[in-house]
Amino acid sequence: MAEITAAPVLPPNPRFGAVLRAIGGIAAIGVKELRGRMRGRRAFIILTIYLLLLGGFALMVEQIMEQQFQNPFAGASATAGPAIGQAIFAAVLLLMTLQVVFLAPSSTAGAISLEREKQTLELLVTTPISSFAIVIGKLLSALVYVFLLIAASVPLMAVVFVFGGVGPEDIVRGYIVLIVTALGLGSFGLLCSSLVKRTTASTAITIFGVLAITIGTVFLLVFWQAMGSFDATGNRRPGPLGIRTPYPLAWINPFLAQADVLCGTESTFGGGWCSVVQGLAPTADNGVIINNGGGGGVAVPAPMPMPVPAVPEKGFAPGVAVAIDDQGNPVANDVAAPDQPFGARQDTLWPKTVAMWLGMSVFFILLSVQAVSPTRRWRFLRRPRRRGKSPESPESPAP
Amino acid sequence: MTEIVRTEGLVKRYDGTLAVAGVDLTVDAGEIFGLVGPNGAGKTTTLRILATLLAPSAGTAEIAGMSVTRNPDQVRRVIGFMPDSFGVYDDMKVWEYLDFFARCYGIAPAARRRVITDLLELVDLAPKRHEYVQTLSRGMQQRLCLAHSLVHDPQVLLLDEPASGLDPRARVELRELLRELRAMGKTILISSHILPELEELCTSVAIIDRGQVLAQGRVAEIEKRLRFGAVLRVKLLLEGEALEAARDRLAGDDDVASAVLLDDGTIELGFRGDDEATARLLKETVAAGLPVVSFSRAASDLEELFLQVTAADEPVAAA
């Protein structure tokens, strides 16, 4: 018998063997996926069109704002620049959030199920490549394009600095929320793809999930708050099902997180975005929503760049008086939370969203790994065991 | 011969149905081992368990001494698997396809280039190197899939219905390729419900039906063991009544169970005896003055054997 030549495969083991193999596997999947996705000019034509649309949108928002400020009664023209900057920031950020919220999960919703449908997954799982590497490789290569779109928008976003009203830290916060949202919803799409056999079903479930996360959470919060209004003594009643408003629902909504980021650009409490966030998810329970009378719209913006306010803009504890100086601006008091990285304050919403989605990404990825792995599945992911015994059951040896 | 694949009491149940009901297989290194059986007999399930794609409900399976359930990662390094229906990636060139799988096995870049060139040469796809995979013909895709299962130079090849959907020419080419691989020292497990294609190729077979191995061993051994009788065809230079008289005379022999006169004048004998008895019968026939034109044992092929063994109640698809 001819001697079997040694396989030219990296020897398994040593210390970092598992890590190196995982990286090699992720790279293998990534190279393969990107070869398919990025071949030809298609990807770059789409990128160009995307940037043109985003730029056109920003320009239109700028025009609208400019038009408003040409009315001499609209406000002091000194505040026009910051107001325009904030409007462009809000418009572009929310549009990009919308894009990420749908693009990221739909680009992963077929990642595994397409391989199943095309019967290539079996070829893949019989290689020594780990299920973990398959899942991570698929996720990253699907998200690379989303990240590319996000990164390509940075120069466009920088236009807001021309107008002012938005600080660099606001933009950084916005991008952190975007990237984490892409990761979280991308892994949600991947989980659907690995659990559901057909891509069409997986995509449908994914989109339904996205709608639930974005629209559903807001609706539930509105519903709960409407049902659990104040009683005669001014105390808040519990809402439906006898439980209080499930505010954590607001944490998973990327749009609310972005509204919270936008709130950070507003100079005084009670600005439009802050009211939205406070209205749906008061950061202090039964917090008092202070309306400064301006109500909605852009509240008197301050010249750029905005310093991180030392005063909590929202989440006033009940009964805590807020000191106001001569100009009507709040002054620092001892309820101010310590500054955190990127100006994250303890009472803001977006860091919760970021933490929530990072955690859920890990959870979704682990579940996906189990669903992809052909043999070593966790019990609860298995289909229910057979009920009846087969009539021709043999006397098999003990398992 | 050292054994390289062994299963013991392999059982696989799918929600209430028993796909594999206690399969014991032993395959020696360097063999081309055929799994024969009708559709739904459990061939594919058995191969998929060996390929670490399915966990058996009971029983053990080992490849090169490693358990497919306990050490799937190690097993995957020594096997190359080609499923019965396999997909190809769109948007991928032939060399990229092989490059991808070579990367999956962690083969270093320089070795990868060499392996891809060698394999494309082996499966006769070298001129197609830069073509897109989906533009290849079915036979070429099959060969490409076979090449993919060879990138890591596995000891054992598990091929599930590799010739299905191939035209006769592609089938011959595949057979040649498998012989070549055997000469390179690979052990090949191949499943098929098309018997002639295995008969010429396999050194050993296991006949599987309804999840159980009915017979296993070298093709010749199985034939010997299972043959309860042979069919002898005798052609005499006689016609009409003389021929019938000759048939009656042959039917009178102790070892002859039945004698049928066929339309073309051949007498077909159901014969119980061994080779010696066959020689004796021929000698007696000649001695009796009957003009023997030909006297032969009907070649019993695998197909006949298979029908005998399975006594299938459903017609066996055979080419």
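Bear in mind the structure is a predicted one, so any value in this text is a computation, not a measurement.

## With respect to the overall build of chain A
Scanning chain A from N- to C-terminus turns up 14 helices and zero strands. Start at the N end of chain A and walk to the C end: the helices and strands fall as α-α-α-α-α-α-α-α-α-α-α-α-α-α. Residues counted as buried form 39% of the 399 residues belonging to chain A. Considering only residue pairs separated by 6 or more positions, chain A has 79% of its internal contacts joining residues 24 or more positions apart.

## Overview of the confidence of the model for chain A
Residues and elements named next belong to chain A. This prediction gives chain A a mean pLDDT of 74; 66% of its residues lie at or above 70. Ranking the elements of chain A by mean pLDDT puts helix H13 (residues 272–280) last, at 78, and helix H9 (residues 168–195) first, at 92. Throughout residues 1–10 the model reports pLDDT below 50, and contacts reaching past four residues in sequence, or to other chains, amount to 24 contacts. Here residues 379–399 scores under 50 on pLDDT; set against residues more than four positions off or in separate chains, the count is 27 contacts.

## What to know about the sheet that holds strand S2 (residues 17–28) of chain B
Residues and elements named next belong to chain B. Here four strands make up an open sheet; going across it, the order is S2-S1-S4-S5 and the pairing antiparallel. Here the strands that pair on one side only, and so sit at the sheet edges, are S2 and strand S5 (66–67). Seen against the sheet, helix H1 (residues 43–50) touches strand S1 (3–14), S2 and strand S4 (58–63) and runs at an angle of roughly 120° to S1.

## Comments concerning the sheet that holds strand S6 (residues 79–82) of chain B
Residue and element names in this part refer to chain B. The sheet built from six strands is open, its strands ordered S6-S7-S8-S3-S9-S10 with mixed pairing. Strands with a single pairing partner mark the edges of an open sheet, and in this sheet they are S6 and strand S10 (212–218). The mean inter-strand angle of the sheet, taken between neighbouring strand axes irrespective of direction, is 15°. As paired strands, strand S9 (residues 204–209) and S10 are joined by six bridges and run antiparallel to one another. Following the sheet pairing, Ile-207 is matched in S10 by Ala-215.

## Section: the packing of helix H6 (residues 131–152) of chain A against helix H14 (residues 350–372) of chain A
Residues and elements named next belong to chain A. In contact at an axis separation of 8 Å, H6 and H14 are set at 125° when each is read in the N-to-C sense. Classed by the angle they form, the pair H6 and H14 counts as oblique. Seen from above, H6 lies across H14 with right-handed handedness. For the pair formed by H6 and H14, the contact residues are Ser-131, Phe-132, Ile-134, Val-135 and Leu-139 on the first element and Ile-365, Ser-368, Val-369 and Val-372 on the second.

## So, the domain arrangement of chain B
A common way to express how large an interface is: the accessible area buried when the components associate. With domains assigned, chain B is organised as domain 1 (3–225) and domain 2 (229–299). A straight line from the C-alpha centre of domain 1 of chain B to that of domain 2 of chain B covers 45 Å.

## Concerning the nonpolar core
Counting residues in hydrophobic clusters, the biggest one holds 157 residues, and the most contacted among them are Ile-63, Leu-158 and Leu-189 of chain B. Here the element with the most residues in this core is helix H3 (residues 80–108) of chain A; it accounts for 14 residues. What Leu-189 of chain B contacts, discounting residues up to four positions off in sequence, is Val-5, Val-27, Phe-33, Leu-35, Leu-47, Val-156, Leu-157, Leu-158 and Leu-159 of chain B. Formed by nine residues, the second largest nonpolar core is a distinct cluster that contains Leu-250, Ile-267, Leu-269 and Phe-271 of chain B.

## So, the pairing of S4 of chain B
All names here are of chain B. Judged from the five bridges that link them, S1 and S4 form a sheet pairing that is antiparallel. Pairing of Val-11 across the sheet is with Ala-58, part of S4. Relative to S5, S4 runs antiparallel, the two sharing two bridges. Note on S5: the bridge partner recorded for Ile-63 is Met-66. The hairpin formed by S4 and S5 contains two residues between the paired strands, and Ala-64 there has a positive phi angle of roughly 50°.

## Notes on helix H10 (residues 275–287) of chain B
Residues separated by three or four positions in an α-helix point in the same direction, a consequence of the helix having 3.6 residues per turn. Relative to the 18 Å expected for 13 residues at 1.5 Å per residue, H10 of chain B spans 18 Å between its end C-alpha atoms, a close match to the ideal helical length. Within two residues after H10 of chain B, Gly-289 of chain B carries a phi angle of roughly 85°, on the positive side.

## A short note on the pairing of strand S7 (residues 156–160) of chain B
Residue and element names in this part refer to chain B. Burial analysis of S7 places five of its five residues in the buried class, the great majority of the element. Burial along S7 is two-sided: the face carrying Val-156, Leu-158 and Asp-160 and the face carrying Leu-157 and Leu-159 are both buried. Pairing analysis gives four bridges linking S6 to S7, with the strands arranged parallel. Within the sheet, the bridge partner assigned to Phe-81 lies in S7 and is Leu-158. Strand direction decides the pairing type here: S7 and strand S8 (residues 187–192), joined by five bridges, are parallel. Counted as the bridge partner of Leu-157 is Ile-188 from S8. Regarding the hand of the β-α-β motif, the stretch spanning S7, helix H6 (residues 168–183) and S8 is right-handed.

## Considerations on the packing of helix H2 (residues 42–70) of chain A against H3 of chain A
All names here are of chain A. Their axes nearest at 9 Å, the elements H2 and H3 cross at an angle of 145°. The two elements H2 and H3 meet at a crossing, and its hand is right-handed. Contact residues: H2 offers Leu-54, Phe-57, Ala-58, Val-61, Glu-62, Met-65, Glu-66 and Phe-69, while H3 offers Ala-80, Ala-83, Ile-84, Ala-87, Ile-88, Ala-91, Val-92 and Leu-95. Partitioned by chemical class, the residues of the contact of H2 with H3 number 14 nonpolar, no polar and two charged.

Cut-offs applied
Residues numbered from 1 in each chain as written. Chains lettered and ligands numbered in written order. Predicted model: local features only at pLDDT ≥ 70, side-chain atom pairs only at ≥ 80, totals over all residues. Helix = DSSP H or I, 4+ residues; strand = E, 2+ residues; numbered from the N terminus. Buried ≥ 20, exposed ≤ 12 C-beta atoms within 10 Å, placed from the backbone. Contact = placed C-beta atoms within 7 Å. pLDDT = per-residue confidence, 0-100. Pairing = 2+ DSSP bridges. Axes fitted to C-alpha atoms, helices over the stretch in contact; angles between N-to-C directions. Parallel < 35°, antiparallel > 145°, perpendicular 65-115°, else oblique. Left-handed = near helix turned anticlockwise from the far one by under 90°. Domains from an automatic or database assignment. Core = buried A, V, L, I, M, F, W, Y, C linked by C-beta atoms within 7 Å. Expected span 1.5 Å × (residues − 1). Right-handed = clockwise from strand over helix to strand, strands pointing away. Nonpolar A, V, L, I, M, F, W, Y, C, P; charged D, E, K, R; others polar.

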